[in-house]
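Understanding the architecture of this molecule
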Amino acid sequence: MATQFELEAEERDLRGKNNAGRLRRKGMIPAVIYGQGKEARSVSVDPKKISEILHSESGHNSIFKVVIGKAATFTVMIKSYQLDPVKGRLLHADLLTIALDKKMKFKVPIEVVGESAGVKSDGGIMDIIKREIEVECLPGNVPANIKVNVEHLKINDHIRVAEIDYDKTKFQILEDPDQTVLTVLPPRAEEVIAPVPTEEAVPAEPEVIKKGKVEEAVEGEEPPKEKEREREKEKEKEKEKK
């Protein structure tokens, strides 16, 4: 990958939070250039240029040049950067100097090519297990991504690292050959929810009917048992008279 960006930087003598804050208010951010056993250099750079590099096709693997006035030119890549946790703005960048004739290790993203038969025809789910692959190569040969064709995959099929097709003359994959990169899972079974009975659908409890005739008292009259006692008393009085 040839260098396609060039970044202008200025030497930065003052350090500390206050100076970094003043620098950001001017539209610049602090950065550090280091690597290859040389003394680190503090500089200020345009955050828009750093953001442009990070959002390019090669992203954080981009190789570019940093020019400090007429003093020096460095070939670098973005090793790390800091973002504002609230606003997401760039706050700081670490730039690693590299030698184009020495191999390095890079993390390269996986790019899925095509739509698998298992997903398209059978409703399967593509499960990407590894989204990045570690490779080793010269900085100029680092790929923007590693393409993996999945059109032939059916349900429960998978692709291992060893099955990835790539140009071995430019870089070498360092991952375990038997590690699964992605697989096609069976479709999820739909959960059947039992209907909840409404109040109208709930059967009423049967009314318990007691056996036997129940005599009820009529308002204004004596209860049946009291009438029977009165009759018995009258019969005894008549016997006594006789």
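Preceding this paragraph is the structure being described.
Within any chain, residue numbers begin from 1 and follow the written order of that chain's sequence. Totals for whole chains, interfaces and linings use every residue, but because this is a predicted model, local features are given only for residues with pLDDT of at least 70 and side-chain atom pairs only at 80 or more, for both listing and counting. With hydrogens and water set aside, each side-chain value is computed from the structure's full complement of heavy atoms.

1. Some words on the pattern of salt bridges
Definition used for salt bridges: Asp or Glu carboxyl oxygen within 4 Å of a side-chain nitrogen of Lys or Arg. Within this structure, the stated rule accounts for four salt bridges. Taking the shortest distance from any N to any O, the salt bridge between Glu 11 and Arg 41 comes out at 2.3 Å. Taken together, the residues span a long stretch of sequence, with Glu 11 in strand 1 (residues 6-11) and Arg 41 in strand 3 (residues 38-45) at a distance of 30 residues. A run of H or I in DSSP becomes a helix once it reaches four residues, and a run of E becomes a strand once it reaches two; helices and strands are each numbered from the N terminus.

2. Quick notes on the environment of Asp 157
Structurally, Asp 157 can be placed in the loop between strand 10 (146-149) and strand 11 (158-160). Relative accessible area serves as the criterion here: at 29%, Asp 157 is assigned to the partly exposed category. Separated by 25 residues in sequence, Asp 157 and Leu 182 have C-alpha atoms that sit 8.8 Å apart. Contact partners of Asp 157, with chain neighbours within four places excluded, come to His 152, Thr 183 and Val 184. In protein, a polar contact means a hydrogen-donor-capable atom and an acceptor-capable atom, both N or O and within 3.5 Å, with residues adjacent in sequence counting only if both atoms are side-chain atoms; elsewhere, any N or O pair within 3.5 Å suffices. Of note is the side chain of Asp 157, whose polar atom sits 2.8 Å from the backbone nitrogen of Lys 154. Throughout this description, buried means an accessible area under 20% of the type-specific maximum (1.4 Å probe, protein chains only), exposed means over 50%, and partly exposed covers the range between. In this description, contact between two residues means that some pair of their heavy atoms is separated by no more than 4.5 Å.

3. Side note on the sheet that holds strand 2 (residues 29-35)
One requirement defines pairing of two strands: DSSP has to find at least two bridges between them. Ordered by their spatial adjacency, six strands build a closed barrel running 1-3-2-6-5-4, and the pairing between neighbours is mixed. In this sheet, neighbouring strand axes are inclined to one another by 45° on average, regardless of whether the strands run parallel or antiparallel. Bridge analysis of strand 1 against strand 3 gives three bridges, and the strand direction is antiparallel. Across the sheet, Glu 11 pairs through a bridge with Val 43, a residue of strand 3. In this analysis, axes come from line fits to C-alpha atoms, helices being fitted only over the stretch in contact, and the angle between any two N-to-C directions falls in the range 0 to 180 degrees. Here helix 2 (residues 47-54) sits on the sheet and contacts strand 1, strand 2, strand 3, strand 4 (64-68), strand 5 (72-83) and strand 6 (90-97); the angle it forms with strand 6, its principal contact strand, is near 65°.

4. Overview of the pairing of strand 6
Of all eight residues in strand 6, seven are buried, a share of seventy percent or more. As paired elements, strand 2 and strand 6 share four bridges and run parallel to each other. Each residue of the ladder has a partner; that of Ala 31, found in strand 6, is Ala 93. Relative to strand 6, strand 5 is paired through seven bridges, and the arrangement is antiparallel. The partner of Gln 82 across the bridge, within strand 6, is His 92. Taking the residues between adjacent antiparallel strands as the criterion, strand 5 and strand 6 are bridged by six residues, where Gly 88 takes a positive phi near 75°.

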